[in-house]
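# Chain and residue survey
For reference, the chains in residue letters:
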Amino acid sequence: AQTVTQSQPEMSVQEAETVTLSCTYDTSENNYYLFWYKQPPSRQMILVIRQEAYKQQNATENRFSVNFQKAAKSFSLKISDSQLGDTAMYFCAWPLTGNQFYFGTGTSLTVIP
Amino acid sequence: KAGVTQTPRYLIKTRGQQVTLSCSPISGHRSVSWYQQTPGQGLQFLFEYFSETQRNKGNFPGRFSGRQFSNSRSEMNVSTLELGDSALYLCASSFSGPTYGYTFGSGTRLTVV
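Residues numbered from 1 in each chain as written. Chains lettered and ligands numbered in written order. Predicted model: local features only at pLDDT ≥ 70, side-chain atom pairs only at ≥ 80, totals over all residues. Heavy atoms only, no water.

## Remarks on the overall build of chain A
The criterion, for reference: The helix count covers DSSP runs of H or I at least four residues long, the strand count covers runs of E at least two residues long, and both are numbered beginning at the N terminus. A radius of gyration in this sense is built from C-alpha atoms; the matching globule rule multiplies 2.2 Å by the number of residues raised to 0.38. Under the scheme applied here, a residue whose accessible area is under 20% of the maximum for its type counts as buried, over 50% as exposed, and between as partly exposed, the area being computed with a 1.4 Å probe on protein chains only. By definition, residues are in contact when any of their heavy atoms lie within 4.5 Å. Note on areas: these come from Shrake-Rupley sampling with a 1.4 Å probe, and a residue is covered only by the protein chains present in the view. Here Asp and Glu are counted as negative and Lys and Arg as positive; His is not counted, and neither are the chain ends. A single reference atom marks each charge: NZ on Lys, CZ on Arg, CG on Asp, CD on Glu.
The secondary structure content of chain A amounts to 0 helices and 12 strands. Ordering the α and β elements of chain A from the N terminus gives β-β-β-β-β-β-β-β-β-β-β-β. Here the C-alpha radius of gyration of chain A, 14 Å, is about what a compact globule of 113 residues would show, namely 13 Å. Among the 113 residues that make up chain A, the fraction classed as buried is 48%. Put simply, 53% of the contacts in chain A that link residues at least 6 apart link residues at least 24 apart. Surface accessibility of chain A: about 5500 Å² in total, with carbon and sulfur atoms responsible for 47%. Separation of charge centres in chain A, based on 8 positive and 9 negative side chains, amounts to 7 Å.

Okay, structure coming up:
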């Protein structure tokens, strides 16, 4: 079965510190894409970062970066210099065949001032 | 440019009624997907439309249906509402599919009483 697992239901981090959210997945495919989405209290899902599985280089978007370990099927998100606005639910996601996303169960991140 | 617009934002319906939710995608996007989000089940895929054709459907009963118009706007309909249909319904759009990620709307919060 193709699955996505986020083992940390809740996390907290001090403002300006670094935090890493974990995600593991299981697939038999070789070429695919992985995503992290953020859902703040406003409810809108916001794309944080995208990783192409065939690229060995980890994706980076400003303070957000991933640690992609293809062999281990691990796709963690690192947030540097955490800001209060980073408080949100974070979902790891990847597109299953058939043009649909499969989302993990999410990690609730709280940034403490 | 305008984002994905979902209307209404909130809706309260009585068990047994039917409801129609609307989604206007980003201009130029032809793929529209719908997701149901609940605390217990998380984010679950409902269906995806591309150029007025349903390409994929999730594992939901036939009471859940949708359609897409020639201008890419989409509607989803739930008939014979049940208490368990209370959820946040998210619409997402992309140019052709999930490869580059979807842009989500802020959702419609449906409460069935």
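## Focus on the environment of B:Thr20
Residue and element names in this part refer to chain B. Mapped onto the secondary structure, Thr20 falls in strand E3 (residues 19-24). The class for Thr20 is partly exposed, based on a relative accessible area of 38%. When the C-alpha atoms of Thr20 and Phe95 are compared, they prove to be 24 Å apart, with 75 residues separating the residues in sequence.

## Describing the state of the cysteines
Note the threshold: By definition, disulfides here are pairs of cysteine sulfur atoms that lie within 2.5 Å.
This structure, assessed with the given rule, holds 2 disulfides over all chains. One disulfide in the model links A:Cys23 with A:Cys92; its S-S distance is 2.0 Å. On the sign convention where negative is left-handed, the bridge of A:Cys23 and A:Cys92, at about -65° about the S-S bond, is left-handed. Linking A:Cys23 in the loop between strand E3 (19-21) and strand E4 (24-26) with A:Cys92 in strand E10 (residues 88-96), this pair joins segments that are 69 residues apart in sequence. By relative accessible area, which is 1% here, A:Cys92 ends up buried. What pairs with B:Cys23 in a disulfide is B:Cys91, and their sulfur atoms sit 1.8 Å apart. What sets the handedness of the B:Cys23 and B:Cys91 disulfide is the S-S torsion sign, and at about -60° it is left-handed.

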